[in-house]
Amino acid sequence: MRSDGGARVIFDNLSKAFPDGTQALSSVSLHIEAGTFCVLLGPSGSGKSTLLRCINGLETPSDGHIYINDVEVLPTTLKDLRRGIGTVHQHFGLVNRDTVANNVLAGALPETSTWRAILGWFPRKLQERVASLLQSAGLEPSQLNRRVSELSGGQQQRVGIARAFMLSPPLILADEPIASLDPKLSHEILSLIARQAATVGATVLCSLHQVDLAKAFADRIIALDQGRVVFDGAPQDLTEEKVAQIYGSKALEHDKAIPS
Amino acid sequence: MMQTNPAKASSWVFRPLLTGKLLVWALLAILVLAWSGKATQMDRALALTGQAIGVGVTGKGDSQVANGFGQIARSLWPLQLETRTPIAQIEHFRADRLPPFSRVEHRKSTTQSHDPSTGKYVKTTQSASELVVPYGYVVTVLGKLIETLQIALWGTILSLLISIPLGFFGARNLMGDGIVVAAARTFVSFFRAVPELVSALFLVVAYGFGPIAGVIALGLHGAGFLGKFFADDSENADPKPQEALRALGANRLKLARYAVLPQVMPQFTAYTLYILDRNIRMATVIGLVGAGGIGQELKGRFDLYAYGHVATILIAIFLMVLLIDQLSVKLRRKLL
C-alpha cells in the first residue's frame, strides 16, 4: 500500500515542559536512520513516552523541531504524517467491547472515506489485509469476530500490532508495548514487531524497561534520564555500569529486592 | 516495609462518627423540612388520612376523604363495555351482517313537549333502533391504546434523531471545549427543562388536536434527556482507544464511530429503552391536553361525566403499563 522503506526521524533541540512545571524533555537532538530498530530506555518519568508522543502529535513540543523524512511535524502536516505512523500502545488502546476485526480495520480509517467508515463497509482488499496481518500475528480465524475483551493480554497486543501495521507505515512507535506481559510473551511480541517492521523496512522507536530485551532486539539504544540523552550507542556498548548509571544505583537495588 | 514503620497502631486516628459540622447541617435540614411541611399542609394530610382510616375501620363517623373516595368508586361502577349506535347513523347498515355477538335493540322513548299552538303538553313516542355491540367500547379503547403506543414509539424515534447529533456535538472528548459544545448543551438543557405536558399544550395549538403534537412533545423532551446522557457517556468512555485512533489520523466522526460508540452502546440502549418506557406512560398523560391517544379519550369522557367509560380506560391503562413493564424487563435482559 505504501512504498517500502523506513522513515528517517530527526529531533532537533527538542524540549517539552508541562504546565505543572515538569521538564519532560530538555534539548534532545537525535538523528535516527531509516530502518533502525531503536530502543528507548530510562526510568519512569525520564521522558520516553513524551518523546514518542511528540512524534505523532499527541503532545506539542515547547521548543525545537521534529522532522520525519524531512517533513516537519506541525499541526498543518500532522494529518498526512499520521498516516505514515503506526503506534503500538502500552495499554493496547483497543475497544474491548468491539470485535477483533473492527479494531484492526480501524487502522485503515485514514484511508477510508468517512461514510464508508460509518457504515462499516470496508473494501475487500482491506479485509484481506486484516486477515493476513492477524494470521502472521498468530491469531485464529475463529477469533476474528470475537470481542477483544475475550482475548488474553498477549493476544490483545497482537491485535494492537496488526492495527498499527494496517497501512504498512514507514515508522512504528511502540510505547512500552510489553509493560503488562510476562517475559515469554514479551519476547514474542517484540519479535512480532521486529518481524512486521522488517517486511517493509520500517523504522521502529520502542520504549522498554527491560535492558536484556533491549539488547536482544535493538540496533541502537538511546537512554533518557530526566529528559536528557544519557546514552546513545550500539547494544554491545551498554555495559552494566552504564545501566546502573541510567537507572541510578538505588533503583537497581530496589529491582533486585523485589523480583518482577 | 511494615516492620520498619515507627508509628504505633494505636496512634492512628479515625474520623469521628458525629461532628459539629454534621449537627449543624442536621439542624438546618430539620428547619427546612418543618417550614416546607407546613407550606405543603403535611400536618393536615396526616390528620385527614388518619380520620379516613378511622372511619374505614370502625364504620362510624364522617370523613371528607372517605366520602370522596366512596363517591368516585360509586360513579366508576359499572364499567362501560358496550357501545350503542343508532342505526340511522350507520351508513349501509345490514341487519344480516352484524358484528359477532351483537344485537339490534328497539327502544321506544317518550318525550314530552309543549305545543305552543294548543298550550298543552304533548307526549310523542319515538321508536329508535340501536346496534348494541357488547364489547364495542373495549375495542375503541384498545385502538386508542395502540395509538398511544405508536405515539410513544415515534416520540422515541424523534428524540433519537435529535439527540444523536446533539450528543455528538455536546461531547467535549469529540468536539473540544468550545462554542459548539456550549451551544449543543444549552439546546439539550432547554429541551429537558420544558415538560412535555407544557410543550404539548402549545403544540396542540400549532398542529391541532391529535397525535402529531404528542409525538413532537415527547420527542423534544426525550431528546433533552438522551442528548445529555449520550454526551456524558461519550466523555466518560475509556480515552485510550480514542487516543490510539487520534494518533492514527482518524477524524471526529470516525473516532465517534470506532472508539466511542462500541464502548457506550450498552448505556445508549439502556437509556433509549428507559425513554421508550417513560414515553409510553407520558403519552397517556399528554393526551389529556389533546395530544392524541388514550389520554385524549379519557379527558373527553371525563368532561362528559361518563365515569363508566373512564373506569374502563383506567383499567386498560393499568393493564398496559403492567404488560409493558414485564416486556421491558425481558427486552433489557436480551439486549444488555
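In every chain, residue numbers begin from 1 and rise along the written sequence. Lettering for chains starts from A, numbering for ligands starts from 1, and both go in the order in which the items are written. This being a predicted model, a pLDDT of at least 70 is required before a residue's local features are given, and a value of 80 or more before pairs of side-chain atoms are given or counted; all residues contribute to the totals for chains, interfaces and linings.

### Topic: the overall build of chain B
Consideration 1: Summing up its helical and strand segments, chain B has twelve helices and three strands in all.
Consideration 2: Just to be clear, the radius of gyration here is over C-alpha atoms, and the globule rule we use is 2.2 Å times residues to the power 0.38. Relative to the 2.2 N^0.38 estimate, which gives 20 Å for 336 residues, the radius of gyration of chain B is 31 Å and therefore markedly larger than a compact globule would have.
Consideration 3: Counting only C-alpha atoms and orienting by the principal axes, one finds that chain B spans roughly 115 × 60 × 40 Å.
Consideration 4: A buried classification covers 29% of the 336 residues belonging to chain B. By definition, any uninterrupted DSSP run of H or I lasting at least four residues is a helix, any uninterrupted run of E lasting at least two residues is a strand, and each is numbered from the N terminus. Burial in this document is a count-based property: other C-beta atoms within 10 Å of a residue's C-beta are tallied, and the residue is buried at 20 or more, exposed at 12 or fewer, or partly exposed in between, with C-beta positions derived from the backbone.

### A short note on the overall build of chain A
Consideration 1: Along the backbone of chain A there are ten helices and ten strands.
Consideration 2: Against the 2.2 N^0.38 benchmark of 18 Å for 260 residues, chain A shows a C-alpha radius of gyration of 18 Å, consistent with a compact globule.
Consideration 3: Principal-axis analysis of the C-alpha atoms places the extent of chain A at approximately 55 × 45 × 35 Å.
Consideration 4: Residue burial in chain A is summarised as follows: out of 260 residues, 43% are buried.
Consideration 5: Contacts here follow a simple rule: the backbone-placed C-beta atoms of the two residues must lie within 7 Å. In chain A, of all internal contacts separated by at least 6 residues, the share reaching a separation of at least 24 is 72%.

### A closer look at the environment of Ile30 of chain B
Consideration 1: Note on placement: Ile30 of chain B falls in helix α1 (residues 20–39).
Consideration 2: For the pair formed by Ile30 of chain B and Leu253 of chain B, sequence separation is 223 residues and the distance between their alpha carbons is 51 Å.

### Describing the sheet that holds strand β9 (residues 220–225) of chain A
Residue and element names in this part refer to chain A.
Consideration 1: Read from one edge to the other, the open sheet built from six strands follows the order β6-β7-β8-β3-β9-β10, with strand pairing classed as mixed. Only two strands of the sheet have a single partner each, and these edge strands are β6 (85–88) and β10 (228–233). Neighbour to neighbour, the strand axes of the sheet diverge by 15 degrees on average, direction disregarded.
Consideration 2: Lying over the sheet, helix α9 (residues 240–247) contacts β3 (37–41), β9 and β10, oriented at roughly 160 degrees with respect to β10. For two strands to count as paired, DSSP must find a minimum of two bridges between them. Only the contacting stretch of a helix is used when fitting its axis, a line to C-alpha atoms as for every element, and angles between N-to-C directions run 0 to 180 degrees.

### Some remarks on the interface of chain B and chain A
Consideration 1: Every contact between the two is made by 17 residues of chain B and, on the other side, 21 residues of chain A.
Consideration 2: Here the term charged refers only to Asp, Glu, Lys and Arg, the term nonpolar to Ala, Val, Leu, Ile, Met, Phe, Trp, Tyr, Cys and Pro, and the term polar to all other amino acids, Gly among them. The residue makeup of the side of chain B that touches chain A, split by class, is ten nonpolar, three polar and four charged.

### Looking at the domain arrangement of chain B
Consideration 1: When cut into domains, chain B gives domain 1 (83–134) and domain 2 (137–335).
Consideration 2: Segment limits for the domains were obtained from an automatic or database-derived domain assignment. If you average the C-alpha positions of domain 1 of chain B and of domain 2 of chain B, the two centres end up 47 Å apart.

### Description of the nonpolar core
Consideration 1: We call a set of buried Ala, Val, Leu, Ile, Met, Phe, Trp, Tyr and Cys residues a nonpolar core when their C-beta atoms link them within 7 Å. Residues Val39, Val104, Ile172, Ile193 and Val204 of chain A together with Ala217 and Leu245 of chain B are the most contacted members of the largest nonpolar core, which totals 120 residues.
Consideration 2: The leading source of residues in this core is helix α10 (residues 252–286) of chain B, at 13 residues.
Consideration 3: Grouped together as the second largest cluster of nonpolar side chains are eleven residues, Ile294, Leu298, Val310 and Ile313 of chain B included.

### Looking at unusual backbone geometry
Consideration 1: Omega for the bond connecting Trp77 of chain B with Pro78 of chain B falls within 30 degrees of zero, at -5 degrees, which places this linkage in the cis form.
Consideration 2: As for its placement among the helices and strands, Pro78 of chain B is situated in the loop between α3 (64–76) and β1 (83–86).
Consideration 3: The backbone of Ser168 of chain A shows a phi angle near 45 degrees, a positive value even though the residue is not glycine.
Consideration 4: Within the secondary structure, Ser168 of chain A sits in the loop between α6 (153–164) and β7 (171–175).
Consideration 5: By the C-beta count within 10 Å, which is 18 here, Ser168 of chain A ends up partly exposed.
Consideration 6: The residue Gln41 of chain B is not glycine, and still its phi comes out positive at about 55 degrees.
Consideration 7: Summarising the element assignment, Gln41 of chain B is placed in the loop between α1 and α2 (42–58).

### Details of helix α11 (residues 293–303) of chain B
All names here are of chain B.
Consideration 1: Among all positions in α11, only Gly293, Ile294, Gly295, Gln296, Glu297 and Leu298 are buried.
Consideration 2: Those residues of α11 that are buried are in contact with α4 (136–169), α8 (211–236), α10 and α12 (307–335).
Consideration 3: Of the residues one or two after α11, Tyr305 is the one with positive phi, at around 60 degrees.

### Some words on the packing of α4 of chain B against α11 of chain B
All names here are of chain B.
Consideration 1: Relative orientation of the contacting elements α4 and α11 amounts to 135 degrees, with a least axis distance of 6 Å. As judged from the angle between their axes, α4 and α11 are oblique. Here Val141, Lys144, Leu145, Glu147, Thr148 and Ile151 of α4 come into contact with α11, specifically with Gly293, Ile294 and Glu297.
Consideration 2: Across the contact of α4 with α11, the residue classes break down as four nonpolar, two polar and three charged. The cut-offs work like this: below 35 degrees is roughly parallel, past 145 is roughly antiparallel, 65 to 115 is roughly perpendicular, and the gaps in between are oblique.

### A look at the pairing of β7 of chain A
Residues and elements named next belong to chain A.
Consideration 1: Burial within β7 is extensive, with five of its five residues counted as buried.
Consideration 2: The two faces of β7 match: Leu171, Leu173 and Asp175 on one face and Ile172 and Ala174 on the other face are all buried.
Consideration 3: Strand direction decides the pairing type here: β6 and β7, joined by four bridges, are parallel. By the bridge assignment for β7, Gly86 is matched with Ile172.

### With respect to α2 of chain B
Consideration 1: Each residue after the first adds 1.5 Å to the expected span of a helix. Over its 17 residues, α2 of chain B runs 24 Å from end to end, which matches the ideal 24 Å to within 8%, given 1.5 Å per residue.
Consideration 2: Positive backbone phi, approximately 75 degrees, marks Gly59 of chain B, located one or two places after α2 of chain B.

### Looking at the sheet that holds strand β2 (residues 23–32) of chain A
Residues and elements named next belong to chain A.
Consideration 1: Spatially, four strands are ordered β2-β1-β4-β5 in an open sheet, and the strand pairing comes out antiparallel. Strands at the two margins of the open sheet, each flanked by one partner only, are β2 and β5 (71–72).
Consideration 2: Taken together, the five bridges between strand β1 (residues 9–17) and strand β4 (residues 63–68) define a ladder with antiparallel strand orientation. Bridged to Ser15 within β4 is Asp63.

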